[in-house]
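# Working through the structure, step by step
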Amino acid sequence: MRFVADLLGGVGPVLIVLVIAGGLLFMNAVRVVQEYERGVIFRLGRLVGARGPGLFFLIPGVERMQKVDLRVITMDVPAQEAITRDNVTVKVNAVIYFKVVDPENAVVKVLDFIRATSLIAQTTLRSVLGQSDLDHLLTERDQINQKLQQIIDDQTDAWGIKVSAVEVRDVELPQSMQRAMARQAEAEREKRAKIIHAQGEFEASQQLAAAAEVIGSQPAALQLRYLQTLTEIATENNSTIIFPLPLDLLRGLLDITRGGNGRAEVEPTVPGSASRV
């Protein structure tokens, strides 16, 4: 009995060590991958594939795992200074949205896909700005965004990266260019105001000509217009009253004035003869 007790007493520490070692190996072998992640497995340096999500086991010392996030990454593109096609210096910053669609290529074919995508976005932004005019950059921003997205997506496709959108956020112009654009906008507004005023005058003259034709065809209409004008003036509580003078009376006076001056002509008399009036 004493021998069995000594044997168990010597085996007890060994069992404890084995249990601890087994627990550590189990903890190192168990891996948990979240729903938005994938685990890229390497076995003795060779690519095995991507696993997850969920719980799985690795062979300790033989297999190694690298996690890759599959969620959309939002990254600011630093402000890039470029010269447009019409020789205007601008600073433009943007934001890019992308995600990993192929975890294996994102780990194997590029060292740091986030940094690589950022650098490609910066160089592509400068290149596209150099090929665009300033007016096109300010007014057709959607087309520029689509062009940037297509170029960056084509370059990152081999890495398993999908660029979903690129948005130009801010365009910084020099102060001199801002003042020039302000003067241009002011001149454009004045031009539109003059055109609208001229159109209004033209339409008003057409309406006045039409009204004159109606009044000219009906003589009584002019008298009614005079009376309406008197009514409008009287409603303003003015102390001055204006009586309209019929134009027919003035026309008669003008005809009399043009016909003669009201004096009889006297012929010169000859000595020795009678004068004739």
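The notes below deal with the structure included here. Quantities reported herein were computed from a predicted structural model and do not represent experimental measurements.

Cut-offs applied
Residues numbered from 1 in each chain as written. Predicted model: local features only at pLDDT ≥ 70, side-chain atom pairs only at ≥ 80, totals over all residues. Heavy atoms only, no water. Helix = DSSP H or I, 4+ residues; strand = E, 2+ residues; numbered from the N terminus. Patch = residues over 30% accessible without salt bridge, like charges linked within 9 Å, V, L, I, M, F, W, Y side chains within 5 Å. Areas by Shrake-Rupley, 256 points an atom, 1.4 Å probe, with all protein chains shown as cover. Salt bridge = Lys/Arg side-chain N within 4 Å of Asp/Glu carboxyl O. Phe/Tyr/Trp six-rings, centres within 6.5 Å; stacked < 30°, edge-to-face > 60°. Lys NZ or Arg CZ within 6 Å of the ring centre and 35° of its normal. Pairing = 2+ DSSP bridges. Axes fitted to C-alpha atoms, helices over the stretch in contact; angles between N-to-C directions. Contact = heavy atoms within 4.5 Å.

This next bit is on unusual backbone geometry. Residue Pro-53 follows Gly-52 across a cis peptide bond; omega there is 0°. Tracing the chain through its elements places Pro-53 in the loop between strand E3 (46–51) and strand E4 (54–57). Non-glycine residue Leu-44 carries a positive phi angle of around 55°. Turning to its location among the elements, Leu-44 is positioned in the loop between strand E2 (37–43) and E3.

On to a nonpolar patch on the surface, then. Taken together, the side chains of Val-32, Leu-55 and Phe-57 present a nonpolar region at the surface, about 300 Å² in accessible area. Tracing the sequence through the fold places Leu-55 in strand E4.

For the rest of this paragraph, the subject is the packing of aromatic side chains. Inspection of the entire model under this criterion finds zero aromatic pairs. A cation over an aromatic ring shows up here: Arg-71 above the ring of Tyr-36, its NZ or CZ 3.9 Å from the ring centre.

Right, let's get into the sheet that holds strand E6 (residues 73–83). Taken in spatial order, the three strands line up as E6-E7-E8 in an open sheet, and their pairing is antiparallel. Strands with a single pairing partner mark the edges of an open sheet, and in this sheet they are E6 and strand E8 (161–172). Direction aside, neighbouring strands of the sheet carry axes that sit 25° apart on average. Alignment of E6 against strand E7 (residues 89–100), held across nine bridges, turns out to be antiparallel. Within E7, the position partnered with Val-77 by the bridge is Ala-94. Taken strand by strand, helix H3 (residues 113–130) contacts E6, E7 and E8, and its axis lies near 35° from that of E6. Seen against the sheet, helix H5 (residues 141–156) touches E7 and E8 and runs at an angle of roughly 140° to E8.

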